[in-house]
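Spelled out from the first residue to the last, the chains are:
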2 protein chains.
Amino acid sequence: MAEYVFGVDVGGTTVKMGLFDMDGNVLDKWEIPTRTENRGEKILSDIAASIQEKMEQKSIAQETVAGVGIGVPGPVEKNGIVHKAVNLGWEEMNMKEELTALLGGMRVEGGNDANVAALGEMWKGGGQGHKNLVAVTLGTGVGGGIIINGEIMTGATGAGGEIGHIHVEDNETEACGCGNFGCLEEYASATGITRLANRALQAGDKDSVLRKGEVSAKSVFDAVKAGDELAIEVAKQFGDYLGKGLGVIAGIINPEIFVIGGGVSKAGEVLFDYIRPSFEKTAFHGSKNVIFALATLGNDAGIYGAARLLL
Amino acid sequence: MAEYVFGVDVGGTTVKMGLFDMDGNVLDKWEIPTRTENRGEKILSDIAASIQEKMEQKSIAQETVAGVGIGVPGPVEKNGIVHKAVNLGWEEMNMKEELTALLGGMRVEGGNDANVAALGEMWKGGGQGHKNLVAVTLGTGVGGGIIINGEIMTGATGAGGEIGHIHVEDNETEACGCGNFGCLEEYASATGITRLANRALQAGDKDSVLRKGEVSAKSVFDAVKAGDELAIEVAKQFGDYLGKGLGVIAGIINPEIFVIGGGVSKAGEVLFDYIRPSFEKTAFHGSKNVIFALATLGNDAGIYGAARLLL
């Protein structure tokens, strides 16, 4: 009789791990370092060892564990094949099979980290009660995870939900990290907001509190809340691009809810004031009735979602 | 033992109907008029009567029929609830329950016509062998149907895949039929291509065969094939918008294949020469490896897809 499930979220620096009961209550939470040397060959065995150690420590018998869910930063197909996880040093490999073998046949399910985090937010976070959800992570980049009828939309090659690289500006002259020009990520990520702010500061000599300290997504939205005009201009640009991008996504996916997370989302619901106008202007009427919500699980979304893969 | 299945495609003028064996071979095909008067109250009973007549005529016993699939022009939820089908005069109703009742308890499955046609193209048309597919219909408008792992992506309110209304142009001054400005449909539909051509003709006095006859999507692509420079300019604009739109869709959905149908697709594979450059320029690298194919079922895609809903 299954009583426990493990959720694992593999990042480039640390692996976050959680032990859950079958209702999704977290019983324990810990981290181990991600050893990326030698093309990350130790990562899975380190994870297996840590799970087995935890089971011994808590006297958990193998037959009471439903399995292990694991999210990794890279495209993962439905069958568990990872194509390339640059930050881990991995080339193509069957993560599901390898980890199962290391754990004596225990059931393993895997997914892309952003998709798995989206599942976590659906289960226990800002998207609870919804089965058609788009999670949008505004961090250093812009990530996405799409849930259709309660299941991750993996895509044909594991690249489903890569919403940071949808084209939103025809006249961009600086390349995105992906090599294209005018990707959503260039305007709606923390880095993108900083870039928009620096452009605005350089374009004139308008007074702004942003001239007095470090320019970041946080300082921009702090300044917005203080009524700084230049910062408000920058927030409008950010919101125009993101609202337009979410409008396109809504037209295609027709989700119930957008769950906005990542570092930028710490600014809070003020974000929605800037996203909504261009969303309303560009989204198809049949798909407009979407909830905008903030993610609530923070860095734990990955371990929750990973555990949910088993249930 | 089920031997037969019916596929029904309800249009604003005629209802197309097909009788299939369980392998999807069409055994018979016919049409009845769509009676839209009195808010379309006779449509479902006309369909039920026609199915029963066909069964009598061919001595088909009810227990040998797996059921009836039906596609309608409007948003349809997974449970069979149609929200509004303007061209049929329907307000909210449970199409599945009502048709089942009219057919003495026979199983009924329903879907949006564009989504159902996409399923037909996956099953027996240009998308055979693929389970992650986006069908794009370039007709009077631009329609879409998205298939994920072999199943229609309905969306939260049945508006999934409404790709004709994704925003692709910030500087449009003419409104789309939906009320927004800069929808894909304004440039990539037959109507949109005609509009682009008329704009180009009015913008200067460049010589073109298009000045000598009716301007239509067909005459534009005929002129393209004859090397007409102005027509080629128009085709480039069309392709820039559609390629950009499909690039965004690929980034979000990560499909294996785009299946292009509708009247405009009669121009043939020359379309791809104009779509591919902007697709390549704007699509995310992880989602770029997509096949472009032409739809092959024409107006029969709907009855095939409807039948497939049962199997």
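What counts and how
Residues numbered from 1 in each chain as written. Chains lettered and ligands numbered in written order. Predicted model: local features only at pLDDT ≥ 70, side-chain atom pairs only at ≥ 80, totals over all residues. Contact = placed C-beta atoms within 7 Å. Helix = DSSP H or I, 4+ residues; strand = E, 2+ residues; numbered from the N terminus. Nonpolar A, V, L, I, M, F, W, Y, C, P; charged D, E, K, R; others polar. Least-squares fit on C-alpha atoms with pLDDT ≥ 70 in both. Expected span 1.5 Å × (residues − 1). Buried ≥ 20, exposed ≤ 12 C-beta atoms within 10 Å, placed from the backbone. Pairing = 2+ DSSP bridges. Axes fitted to C-alpha atoms, helices over the stretch in contact; angles between N-to-C directions. Core = buried A, V, L, I, M, F, W, Y, C linked by C-beta atoms within 7 Å. Right-handed = clockwise from strand over helix to strand, strands pointing away.

### Some points on the interface of chain A and chain B
Right, so step 1: With 33 residues of chain A in contact, the opposing surface of chain B contributes 33 residues.
Right, so step 2: Sort the elements by how many residues they give to the side of chain A that touches chain B and helix H8 (residues 229–253) of chain A lands first, with seven residues.
Right, so step 3: A class-by-class count of the residues in the side of chain A that touches chain B yields 14 nonpolar, 16 polar and three charged.

### Quick notes on the relation of the copies chain A and chain B
Right, so step 1: Expressed as a screw operation, the relation of chain A to chain B combines 0.0 Å of axial shift with a rotation of 180°, fitting to an RMSD of 0.0 Å. What the superposition gives is, in effect, a two-fold axis relating one chain to the other.
Right, so step 2: Both copies present the same face, since 100% of the interface residues in chain A are matched by interface residues at the equivalent positions in chain B.

### Describing helix H4 (residues 113–124) of chain A
Right, so step 1: Over its twelve residues, H4 of chain A extends 16 Å from the first C-alpha to the last, a length consistent with the 16 Å expected when each residue adds 1.5 Å.
Right, so step 2: Regarding H4 of chain A, the residues found buried are Asp 113, Ala 114, Asn 115, Val 116, Ala 117, Ala 118, Leu 119, Gly 120, Glu 121, Met 122 and Lys 124 of chain A.

### Section: unusual backbone geometry
All names here are of chain A.
Right, so step 1: The backbone of Arg 39 sits at a positive phi, close to 50°, despite the residue not being glycine.
Right, so step 2: By the secondary structure assignment, Arg 39 is in helix H1 (residues 37–40).
Right, so step 3: Note on Arg 39: 12 C-beta atoms within 10 Å, which makes it exposed.

### Observations concerning the sheet that holds strand E1 (residues 4–10) of chain A
All names here are of chain A.
Right, so step 1: With respect to topology, five strands assemble into an open sheet ordered E3-E2-E1-E4-E7, the strand pairing being mixed. Edge strands, defined here as strands with exactly one partner in the open sheet, are strand E3 (26–33) and strand E7 (108–112). When strand polarity is set aside, the average angle formed by the axes of neighbouring strands in this sheet is 15°.
Right, so step 2: Sheet topology places strand E4 (residues 65–72) next to E7; five bridges connect them, and they run parallel. Within E7, the position partnered with Gly 71 by the bridge is Gly 111.
Right, so step 3: Strands in contact with helix H3 (residues 95–102) are E4 and E7; relative to E7, the strand with the most contacts, it is inclined by about 145°.

### Here's the deal with the nonpolar core
Right, so step 1: Counting residues in hydrophobic clusters, the biggest one holds 199 residues, and the most contacted among them are Val 8, Val 220 and Phe 238 of chain A together with Val 8, Leu 184, Val 220 and Phe 238 of chain B.
Right, so step 2: What Phe 238 of chain A contacts, discounting residues up to four positions off in sequence, is Tyr 187, Ala 188, Ile 193, Leu 196 and Tyr 274 of chain A.

### Section: the pairing of strand E1 (residues 4–10) of chain B
A regular strand places its side chains so that they alternate between the two faces of the sheet.
All names here are of chain B.
Right, so step 1: The element E1 is extensively covered by neighbouring structure, given that seven of its seven residues are classed as buried.
Right, so step 2: Residues of E1 alternate between two faces, with Tyr 4, Phe 6, Val 8 and Val 10 on one and Val 5, Gly 7 and Asp 9 on the opposite face, all of them buried.
Right, so step 3: As defined by bridge partners, E1 adjoins strand E2 (residues 14–21) across seven bridges and the pair is classed as antiparallel. Bridge pairing links Phe 6 to Leu 19 in E2.

### Brief notes about the pairing of strand E11 (residues 257–261) of chain B
Residues and elements named next belong to chain B.
Right, so step 1: Taking burial as the measure, the five residues of E11 include five buried ones, the bulk of the element.
Right, so step 2: For strand E8 (residues 133–138) and E11, the ladder comprises five bridges, and the chain directions are parallel. Bridging from a neighbouring strand, Thr 137 pairs with Gly 261 of E11.
Right, so step 3: Of the strand pairs in this sheet, E11 and strand E12 (residues 291–294) are connected by four bridges, and their pairing is parallel. Its bridge partner being in E12, Phe 258 is matched across the sheet by Phe 292.
Right, so step 4: Taking the sense of rotation as the criterion, the β-α-β connection linking E11, helix H9 (residues 270–282) and E12 turns out right-handed.

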